[in-house]
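Chain by chain, the residues run as shown.
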Amino acid sequence: MSALLVIDDLTKNFGGLRVTDHVCLDLRAGEVHALIGPNGAGKTTLISQIMGELAPDSGAIHLDGVPLGSLSQAARVKRGLARTFQVPQVLGEYTARDNVVAALYARGASANEADQHLARAAMSARADVRVSDLSHGERKQLELAIALATRPRMLLLDEPMAGLGPVESTQMISILQGLRGEMAMLLVEHDMKAVFALADRISVLVYGAIIASGTPQEIQNDPRVREAYLGTGED
Amino acid sequence: MRKILFPILGLALLLAWPFVAEKIGSPALITLFTRMMILGLAASALNIALGFGGLVSLGHAAFYGIGAYAIGISTTHAISGEPFLGLVSGSNLLIVNVLVAVVVSGMAAAIIGALALRTSGIQFIMITLAFAQMVFFLFLALKAYGGDDGLTFRRRNALFDLNMRDDATFFYVTLGFLLVWLGICARVLHSRFGLLLGGIRQNERRMQAIGVNTFRLKWFAFIISGMGAGLAGALMANLGRFVSPDLMHWTTSGELLIMCVLGGSGTILGPVLGAFALIGLEATLNTWTEHWQAILGPLLVLMVLAFRGGLARIGGRKP
Ligand SMILES: Nc1ncnc2c1ncn2[C@@H]1O[C@H](COP(=O)(O)OP(=O)(O)OP(=O)(O)O)[C@@H](O)[C@H]1O
Ligand SMILES: [Mg+2]
């Protein structure tokens, strides 16, 4: 499998704080690549840089070998990048369906497509509910449906399990399982059950730097990772 | 049901109004209501930016005034026969002048919007106000067109063979423009553009993440909004056959904001209701006491608190 998204020596500082520290990462087409790391490691910031919401200080991001440079978010979405938000960013006054319709209109597609994306995120039954009346778990699913409506090739998931109960988590894992292979995913997640259920490869980010990358087995057995992140005996 | 009933009742009342006013022997009420409709149109125009786009502009008096001056200047040149800047001759035709007013105010909104929309929140309020003040002082200094005295012209612009001097006729012409404008608003807001614009108001970050060029959509909304304000200014200039920099005093921008909030920003008819309520209150209190402004202020605060979401949402779902 070839690399779809290549992150090359990316660095970003917030004042004196280095949140992205010479990060290099290859994300392959169709692969689920998990990015784990403690709170404040810089995972969300990395996603925002890939999307073009934040500009890196140095380094480059290539999609299909083409540098994204200073392309706008809109241009990146058009090229196949999409993200979900750790804290749901949904349109509270609209129904779930209209949230998805907005994403369809944004790329000039027809509203008829909405149901198919809602279905993939298990949101069909709640399509006509106003978003302000949705539960947190439903909003997380809606986040996913909205992202799917942009027809991404590379989906950046920022903690899709965050705040979900056990039943909702299991459902979210199976929703994501259903998307496997159709698009590449960068899965930022603290929930190790989800990570090991879904990931083909795992990278570990600590203080802005990637300290290890490999298959789930390799990561599980990596002493640096156990020390820095997984603690002593988790999983 | 009530969604169609009230607008139809309102329209029926307006259609009958000139007859009613004549019957009760107060023809001045015709002009008062024409003023209300014109300011209602201006507030409705502001509402495209404010209520639907979430853009709190305190500078719409500029577009309103520019629309009015387009009429004043074109009409003056038509009367004097001297071409504007020695290039184009003026016109006395309402349709031509209204088009000019809408285009010119739209261009002003395009320029001001392109700069102001780089900011947001309180900064946006301040920068739109600043631009409007610049325009205000520009016209104040424009001696060729009357400076602070403004411009007076003898006759209203002509429309077909209508007797535009007749206040009732002009009332109906204004009503026609208002209805066309509200129709355009409804069309725009139920379009793809309207859905995306509403999304930007609710969460701009979300809209950017789905690939919307939010700046461009807000800019379009601001331009349409400025055009509507220019149309209102054009009608107001014709109503009084007079334009002056007073039209674009910043308090006009403030009043338009109050009308939107009072009537219900983000609804189609709310700003028009708000204009009727505000102008109606002003006119009524004015006849009771000279300290009417001291009463109007607290009264407005009470009304806004009592009718959360605006007059147009009474009995409906609270936002
Ligand atoms: N806009 C900002 N300005 C300044 N500092 C910021 C900004 N955004 C994030 N940070 C800081 O950058 C660091 C990385 O934040 P980030 O949100 O990327 O972490 P994260 O890995 O996503 O953490 P979490 O697991 O808690 O979501 C944190 O220390 C955070 O406080
Ligand atoms: Mg985060």
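Computed from a predicted structure; not experimentally measured.

**Concerning the pairing of strand 2 (residues 17-28) of chain A**
All names here are of chain A.
Link 1 in the chain: Summarising the sheet, strand 1 (residues 3-14) and strand 2 pair through eight bridges and their orientation is antiparallel. Directly across from Phe-14, in strand 2, lies its bridge partner Leu-17.
Link 2 in the chain: Here strand 1 hands over to strand 2 after two residues, with Gly-15 in that stretch at a positive phi of 60°.

**Examining the site of ligand 1**
All names here are of chain A.
Link 1 in the chain: In the vicinity of ligand 1, 13 residues are found, and the nearest of them are Gly-40, Lys-43, Thr-44, Thr-45 and Gln-86.
Link 2 in the chain: Gly-40 places a main-chain nitrogen or oxygen 2.8 Å from an oxygen atom of ligand 1.
Link 3 in the chain: Taken by itself ligand 1 offers 630 Å² of open surface, and the protein chains cover 61% of this.
Link 4 in the chain: At the level of elements, strand 2 and helix 1 (43-51) are the ones that each hand at least two residues to the shell around ligand 1.
Link 5 in the chain: By residue number, the principal contributor to the shell around ligand 1 is helix 1, which donates three residues.
Link 6 in the chain: Partitioning the shell around ligand 1 into residue classes produces four nonpolar, seven polar and two charged.

**Some words on a positive patch on the surface**
Residues and elements named next belong to chain B.
Link 1 in the chain: On the surface, a cluster of positive charge is contributed by Arg-154, Arg-155, Arg-165 and Arg-241.
Link 2 in the chain: Structurally, Arg-154 can be placed in the loop between strand 1 (151-152) and helix 6 (167-189).
Link 3 in the chain: On the basis of relative accessibility, which here comes to 57%, the residue Arg-154 falls in the exposed class.

**Description of the coordination of the magnesium ion (ligand 2)**
Residue and element names in this part refer to chain A.
Link 1 in the chain: Ligation of the magnesium ion (ligand 2) by protein atoms is provided by Thr-44 (OG1) and Gln-86 (OE1), these donors lying 1.9 to 2.1 Å from the ion. Placement of Thr-44 in helix 1 and of Gln-86 in the loop between strand 6 (81-83) and helix 3 (96-106) is noted, with a sequence separation of 42 residues between them.
Link 2 in the chain: Residue class for Thr-44 comes out partly exposed when judged on its relative accessible area of 27%.

**A look at helix 2 (residues 28-52) of chain B**
Residue and element names in this part refer to chain B.
Link 1 in the chain: Here helix 2 is 25 residues long and its end C-alpha atoms lie 35 Å apart, about the 36 Å a rise of 1.5 Å per residue gives.
Link 2 in the chain: Of all the bends in helix 2, the greatest measures close to 40° and is centred on Leu-46.
Link 3 in the chain: Of all 25 residues in helix 2, 20 are buried; the element is thus mostly enclosed.
Link 4 in the chain: Downstream of helix 2 by one or two residues, Gly-54 has phi in the positive range, about 70°.

**Remarks on the sheet that holds strand 5 (residues 66-67) of chain A**
Residue and element names in this part refer to chain A.
Link 1 in the chain: Spatial strand order, 2-1-4-5: four strands in an open sheet with antiparallel pairing. Taken across any chain shown, the strands that pair with only one partner, and hence form the sheet edges, are strand 2 and strand 5.
Link 2 in the chain: Relative to strand 5, strand 4 (residues 58-63) is paired through two bridges, and the arrangement is antiparallel. Within strand 5, the residue paired with His-62 across the bridge is Pro-67.
Link 3 in the chain: This element, helix 1, spans strand 1, strand 2 and strand 4 of the sheet and lies at about 115° to strand 1.

**Observations regarding the interface of chain A and chain B**
Link 1 in the chain: Counting residues at the interface gives 28 residues for chain A, matched by 19 residues for chain B.
Link 2 in the chain: On the chain A side of the interface with chain B, the three residues burying the most area are Leu91(A), Tyr94(A) and Tyr105(A), jointly 26% of the side's total.
Link 3 in the chain: Here chain A is connected to chain B by three salt bridges.
Link 4 in the chain: Summed over the shared surface of chain A and chain B, the number is 10 residue pairs in polar contact (both at pLDDT 80 or more).
Link 5 in the chain: Where the side of chain A that touches chain B is concerned, the elements lending two or more residues are helix 1, helix 2 (73-78), helix 3 and helix 5 (136-149) of chain A.
Link 6 in the chain: The element that contributes the greatest number of residues to the side of chain A that touches chain B is helix 3 of chain A, accounting for six residues.
Link 7 in the chain: Looking at side-chain class alone, the side of chain A that touches chain B contains 14 nonpolar, seven polar and seven charged residues.

**Focus: the confidence of the model for chain B**
Residue and element names in this part refer to chain B.
Link 1 in the chain: Of the residues in chain B, 97% reach a pLDDT of 70 or more, and the chain-wide mean stands at 87.
Link 2 in the chain: The least confident element of chain B, judged by mean pLDDT, is helix 12 (residues 292-306) at 78; the most confident is helix 8 (residues 204-209) at 96.
Link 3 in the chain: Two summary scores accompany this predicted model of the complex, namely pTM at 0.91 and ipTM at 0.91.

Conventions adopted
- Residues numbered from 1 in each chain as written.
- Chains lettered and ligands numbered in written order.
- Predicted model: local features only at pLDDT ≥ 70, side-chain atom pairs only at ≥ 80, totals over all residues.
- Heavy atoms only, no water.
- Pairing = 2+ DSSP bridges.
- Helix = DSSP H or I, 4+ residues; strand = E, 2+ residues; numbered from the N terminus.
- Near = heavy atom within 4 Å.
- Polar contact = N/O pair within 3.5 Å; in protein donor to acceptor, adjacent residues only side chain to side chain.
- Areas by Shrake-Rupley, 256 points an atom, 1.4 Å probe, with all protein chains shown as cover.
- Nonpolar A, V, L, I, M, F, W, Y, C, P; charged D, E, K, R; others polar.
- Patch = residues over 30% accessible without salt bridge, like charges linked within 9 Å, V, L, I, M, F, W, Y side chains within 5 Å.
- Salt bridge = Lys/Arg side-chain N within 4 Å of Asp/Glu carboxyl O.
- Lys, Arg positive; Asp, Glu negative; His and termini not counted.
- Charge placed at Lys NZ, Arg CZ, Asp CG, Glu CD.
- Buried < 20%, exposed > 50% of the residue type's maximum accessible area, 1.4 Å probe, protein only.
- Donors = N, O, S within 2.8 Å, 3.2 Å for Na, K, Ca; no water.
- Expected span 1.5 Å × (residues − 1).
- Bend = angle between axes of the 7 residues up to and from the residue.
- Contact = heavy atoms within 4.5 Å.
- Axes fitted to C-alpha atoms, helices over the stretch in contact; angles between N-to-C directions.
- Buried area = accessible area lost by both parts, 1.4 Å probe.
- pLDDT = per-residue confidence, 0-100.

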